[in-house]
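# Fold and contact review
Now for the letters of each chain:
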Number of protein chains: 2
Amino acid sequence: MPIRTLLWLAIGSLAMAAYGAPAQAAEGTNDSRPNIVMFLVDDMGWQDTSVPFHTEETPFNRRYHTPNMQRLAKSGMKFTQAYSCTVCTPTRVSLMTGLNAARHRVTNWTLRVEPATDREHDTLRFPGWNSGGLCPTSGVKRTVHATPLPAVLRQAGYRTIHTGKAHFGAVDTPGADPLNLGFDVNIAGHAAGAPASYLGTDNFSNKRSNKNRPWDVPGLEKYHGQDIFLTEALTREALVAMDQAIDDGKPFFLYVAHYAVHTPLMKDSRFYQTYRDAGLDHKEAMYSAMIEGMDKSLGDILDNIERHDLSDETIVLFTSDNGGLSAHARGGEPNTHNRPLASGKGSAYEGGIREPMIVRWPGVTKAGSTCTQPVIIEDFFPTILEMAGIEGFQQIGGVLDGRSFAGLLHGEHDDVRDERPLFWHYPNHWGGTGPGIAPSSTIRRGDWKLIYYYADGRYELFNLAEDIGEYHDLADERPEIRDRMAKELGRYLVDVDATVPVDKSSGEPVAYPGGVR
Amino acid sequence: MPIRTLLWLAIGSLAMAAYGAPAQAAEGTNDSRPNIVMFLVDDMGWQDTSVPFHTEETPFNRRYHTPNMQRLAKSGMKFTQAYSCTVCTPTRVSLMTGLNAARHRVTNWTLRVEPATDREHDTLRFPGWNSGGLCPTSGVKRTVHATPLPAVLRQAGYRTIHTGKAHFGAVDTPGADPLNLGFDVNIAGHAAGAPASYLGTDNFSNKRSNKNRPWDVPGLEKYHGQDIFLTEALTREALVAMDQAIDDGKPFFLYVAHYAVHTPLMKDSRFYQTYRDAGLDHKEAMYSAMIEGMDKSLGDILDNIERHDLSDETIVLFTSDNGGLSAHARGGEPNTHNRPLASGKGSAYEGGIREPMIVRWPGVTKAGSTCTQPVIIEDFFPTILEMAGIEGFQQIGGVLDGRSFAGLLHGEHDDVRDERPLFWHYPNHWGGTGPGIAPSSTIRRGDWKLIYYYADGRYELFNLAEDIGEYHDLADERPEIRDRMAKELGRYLVDVDATVPVDKSSGEPVAYPGGVR
């Protein structure tokens, strides 16, 4: 005779982090917590939109058609100084853990634990970073063990839905499967960071590719053979999962992480011709159409929120995972696609890290407002927990690098944020060619930004308020600022035990910035 | 303003399986569920005790001194036909998952995912088994993804304590750390299946060993340099953890999995001399003293239960993970140490798989009773869930091979069990030398037992009721029974998609028994 009875449902392939405290169940179906939609675009640059994030409208704002981003910005708050990492996996792991890349050590994009994805470099090697990505358990080599955001939200009663590109963990590690990270639903996410094809007629696969290249998009078999673009298929599936959560009376965390606008650039014929007619070359027209397809997805989701009369109960956050690609594969002149920002994806310059960002929190954000204080990707983690009413969470290791920007959304000024240093750490070799694309670490404090290059120990110093394009390196003119910031950067990296490249000739790790040891 | 508040405790390195249903918390501290102590000895044979498990007292029963096993048997039920697998990891994974080894595919002992631990064989290779062991998540190659027993108990409110040898998952996989499997506390468990040393004066380490051999016992630094045997140190820590659970008002699942009596045989000077004085050689005296040290640990735990006046609320289960080692490292005549059973650890014969087993369930088991119906290691999983009052659990994949023996403990006869076939599957090469030690699969139904050897396709058939020592192979005399059982064995292996060895010369998998395809 059982003393008490527990009901267990069929488990499937789920696993999540657990806590020292007894598990807390949702209190009921009349849940007053807000729904949260996190919309993360891939490789979208700061200017790849008709929403102006610069102080003035730019030619790019006129090129791209993103009416739904405009709609979101008009009803929410846009951020003009929002940052991600310089490539995709580090951003995604920071978003999911609240940790800075220097601390979580997933500093480059991931695919397989070994060999890691670094391109060969003339003078440096790149050992020791977490090429396995994020892992919900300990014990898996070259991974960071942390409690993922959806696991926390799920534990608190949210229905957690993953859509699109996952790219959190390498092939053959637990983190490759979003279901292992606390997502209840996984639509098309796995280890890879790009789709083999965006076309349903290709089965989202690349028949020419080697069978062992894991780029085929999983789980969308029902669209195979159809004339449908991947962005659209993902959106339709996301809407089904959203509807199911609403039917079930569960608050939902809908993570929409489009594969778009990552390479391969492909033709979304719904939007392509307009851009050709406007004079863009084939590649740039494909890119622009992928942007507009992404924006259409955002619109469909906003529409569905309205259809369910949930606008007042649903928070929408929008950003991108790194700067717009500008080094290769794009049309036009390389390294100009994010102007007025310099360079693009993979670069330490603003073009590689500054992102479009919009947040609409009903009853909190003022419609059509703008925030100019800097935020960085790991800030989303504590912000989203605060939105969900979750207090007292402790990340594994006891530290969170992220700082909630909920106050900013309330229209407050955050004095601490004015003085807070921001850090980027990319001790890796991406492979693209362009300004600032190199193994580096970076600190921003106030308007000043210092970049340290591992290959030659060189510094660059910019004043972003006066020189957003990073044309004028002031490292020699302002040595006192350079040296102070170099020391602060070095101390931080030592403090978090950041990995650095190894000099091939000496076999020794390269010096931390500022001579800090 | 948070809408509701959740309390999160510091997480440490915990992760556990989660379920489709909202998590259920313990109902309170006045918990009426029983405590459960699972005492699993390593490499202990059926005769390595003063408790007689044979129909008559044997010379071995007179050799070994296990007064606390006698005490447990006197107050509970002993099982004379209890089975484990032929080596350690398969047994541990079956215990933790309720799955037969043929299904979970962790068929041999584990250490590293690659290379697997199989010894070189003249004619066979052993690909495809889960050399990574048990894993609480999907996505880790060569592991079985299942919900571990402690995760289920923990979810239901139990304090789950791991003591001693874990050996569930390979180095660099999540399953290596018991904290990833749902244990709240881990005392000295990791990937390895043996200690580098049993001596505190050795720091439980082997200074001569290569640094990369992961045998050093972790987490017992406070005993380093002390004159203490590993079994004693583990027991002291287990008592502390038990006391803490009692203080916290939590029902506890205390898993005490001693490294003893696995090799290296070492001298526990508290008990050694008595056995020398009785005429045993050095190795056998060390072995016997290790048995008695294990028994002393059992006694300490029973004493602590009594000290807390919890005897009526605490279930104790006792068994071993495979037959007693007899092929090498022991003193005396090889392959005689489990007589009247043939052979020992690693063998398909009874000496390799039949175990001492005792269960005391206060208010349920009749004091001093004996059960002669067969039980097998995967039966513990559903039995323990039933003891904890957990109903409706679904293992990943939807299947449990284990059958609860709670009815037997209630004194009932289980008619189904009389007709139920038992299966062992060892398509591996252990490396020891002795009768029945070879890549094989085995079925027992009623009194009949059929062994199939992969290297030569040979069968052996024994009637255990008439020939417990497996001296008389009846395969040629009773071809109708041989063929019927061979087919049943083959069908089961095909049904669970069991892996089989590959013939080196042909490169093809060896045939399943009974010609089943």
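Below you will find a few notes about this structure. (Residues numbered from 1 in each chain as written. Chains lettered and ligands numbered in written order. Predicted model: local features only at pLDDT ≥ 70, side-chain atom pairs only at ≥ 80, totals over all residues. Heavy atoms only, no water.)

### Some words on the pairing of strand β15 (residues 440-445) of chain B
All names here are of chain B. Burial runs high along β15: five of the six residues are buried. In this structure, strand β14 (residues 422-426) lies alongside β15, joined through five bridges in antiparallel fashion. For Tyr426, the partnering residue across the bridge sits in β15 and is Ser440. Between the end of β15 and the start of strand β16 (residues 448-453), which pair antiparallel, lie two residues, with Gly446 showing a positive phi angle near 60°. (Buried < 20%, exposed > 50% of the residue type's maximum accessible area, 1.4 Å probe, protein only. Helix = DSSP H or I, 4+ residues; strand = E, 2+ residues; numbered from the N terminus. Pairing = 2+ DSSP bridges.)

### Topic: the sheet that holds β15(B)
Residue and element names in this part refer to chain B. If you walk across this open sheet you meet the four strands as β14-β15-β16-β17, and the pairing is antiparallel. The two strands at the open ends of the sheet, each matched to only one other strand, are β14 and β17 (459-463). With strand direction ignored, the average angle separating the axes of adjacent strands in the sheet is 10°. Two strands pair when backbone bridges link them, and β16 and β17 are joined in this way by five bridges, in the antiparallel orientation. Residue Leu450 lies in a different strand from β17, and its bridge partner there is Leu461. Strands in contact with helix α13 (residues 479-495) are β14, β15, β16 and β17; relative to β15, the strand with the most contacts, it is inclined by about 115°. (Axes fitted to C-alpha atoms, helices over the stretch in contact; angles between N-to-C directions. Contact = heavy atoms within 4.5 Å.)

### Describing the packing of aromatic side chains
The final tally for this structure, using the stated rule, is 32 aromatic pairs over all chains. Within the aromatic cluster, the residues linked to one another by ring pairs are Phe168(A), Phe183(A), Phe253(A) and Tyr255(A). Here Arg330(A) stacks its cationic end above the ring of Tyr287(A), 3.4 Å away from the centre of that ring. In this arrangement the basic side chain of Arg458(B) is found over the ring face of Tyr453(B), its NZ or CZ atom lying 4.3 Å from the centre. (Phe/Tyr/Trp six-rings, centres within 6.5 Å; stacked < 30°, edge-to-face > 60°. Lys NZ or Arg CZ within 6 Å of the ring centre and 35° of its normal.)

### Some remarks on the pairing of β17(B)
Residue and element names in this part refer to chain B. In terms of residue burial, β17 counts as a mostly covered element, since five of its five residues are buried. Side chains Tyr459, Leu461 and Asn463 of β17 all project onto a buried face; the interleaved residues Glu460 and Phe462 project onto the opposite face, where all are buried too. Linkage of β16 to β17, two consecutive antiparallel strands, is achieved through a turn of five residues, within which Gly457 is found at a positive phi near 70°.

### So, the packing of helix α2 (residues 67-75) of chain B against helix α8 (residues 282-307) of chain B
All names here are of chain B. In contact at an axis separation of 7 Å, α2 and α8 are set at 50° when each is read in the N-to-C sense. Judged on the interaxial angle alone, α8 and α2 are oblique. Of the residues in α8, those in contact with Pro67, Asn68, Met69, Arg71 and Leu72 of α2 are Met294, Asp295, Lys296, Leu298, Gly299, Leu302, Asp303 and Glu306. When grouped by side-chain class, the residues that make up the contact of α2 with α8 number six nonpolar, two polar and five charged. (Parallel < 35°, antiparallel > 145°, perpendicular 65-115°, else oblique. Nonpolar A, V, L, I, M, F, W, Y, C, P; charged D, E, K, R; others polar.)

### Brief notes about unusual backbone geometry
In this chain, Glu114(A) is followed by Pro115(A) through a cis amide linkage whose omega measures -5°. Position of Pro115(A) among the secondary structure elements: in the loop between α4 (101-104) and β4 (124-125). Following Thr263(B), the chain continues to Pro264(B) via a peptide bond in cis, the omega torsion being 0°. Looking at the element boundaries, Pro264(B) is found in the loop between β9 (252-257) and α7 (272-277). We note that Glu470(A) has phi near 50°; this positive angle belongs to a residue other than glycine. Positionally, Glu470(A) belongs in the loop between β17 (459-463) and α13 (479-495). For Glu470(A), a relative accessible area of 5% gives the class buried. Of note in the backbone geometry, Ala188(B) takes a positive phi value of approximately 70° without being a glycine. In this structure, Ala188(B) sits in the loop between β8 (185-187) and α6 (230-247).

### Quick word on the pattern of salt bridges
All names here are of chain B. Applying the stated criterion across every chain, the model contains 70 salt bridges over all chains. In this structure, Arg159 and Asp248 form a salt bridge, with 2.9 Å as the shortest nitrogen-oxygen distance. One end of the pair, Arg159, is in strand β7 (residues 159-164); the other, Asp248, is in the loop between α6 and β9, with 89 residues separating them in the sequence. Of the charged contacts in the structure, one is a salt bridge between Arg417 and Asp379, with a shortest N-O distance of 2.8 Å. (Salt bridge = Lys/Arg side-chain N within 4 Å of Asp/Glu carboxyl O.)

### Section: helix α6 (residues 230-247) of chain A
Residues and elements named next belong to chain A. Helix length check: α6 (18 residues) gives 26 Å between terminal C-alpha atoms against 26 Å at 1.5 Å per residue, within 8%. Buried within α6 are the following residues: Leu230, Thr231, Glu232, Ala233, Leu234, Thr235, Glu237, Ala238, Leu239, Ala241, Met242 and Ala245. Those residues of α6 hidden inside the fold are in contact with β7 (159-164), β8 (185-187), β9 (252-257) and α8 (282-307). (Expected span 1.5 Å × (residues − 1).)

### As for the state of the cysteines
Evaluated as defined, the whole model comprises zero disulfides over all chains. Between Cys135(A), a cysteine without a disulfide, and Cys135(B), which holds the nearest cysteine sulfur, the sulfur-to-sulfur distance is 8.1 Å. We note that Cys85(B) lacks a disulfide partner, and the nearest cysteine sulfur, in Cys88(B), lies 10 Å from it. For Cys85(B), a relative accessible area of 9% gives the class buried. (Disulfide = S-S within 2.5 Å.)

### Some thoughts on the sheet that holds β17(A)
All names here are of chain A. In space, the four strands of this open sheet follow the order β14-β15-β16-β17, with antiparallel pairing throughout. Either end of the sheet is taken by a strand with one partner, and the two such strands are β14 (422-426) and β17. Pairs of neighbouring strands in the sheet enclose a mean axial angle of 10°, with direction left out of account. Its contacts with the sheet place α13 against β14, β15 (440-445), β16 (448-453) and β17, and it is angled at close to 115° to β15.

### Topic: the environment of His258(A)
Residue and element names in this part refer to chain A. Locating His258 in the fold gives a position in the loop between β9 and α7 (272-277). Among the residues examined, His258 registers a relative accessible area of 1% and is labelled buried. Taking the C-alpha atoms as reference points, His258 and Leu422, 164 residues apart in sequence, are found 26 Å from one another. Not counting residues up to four positions away in its chain, the partners in contact with His258 are Phe39, Leu40, Asp42, Lys165, Thr231, Leu234, Thr235, Met294 and Ser297. Only 2.7 Å separates the side chain of His258 from the side chain of Ser297, close enough to count as a polar contact. (Polar contact = N/O pair within 3.5 Å; in protein donor to acceptor, adjacent residues only side chain to side chain.)

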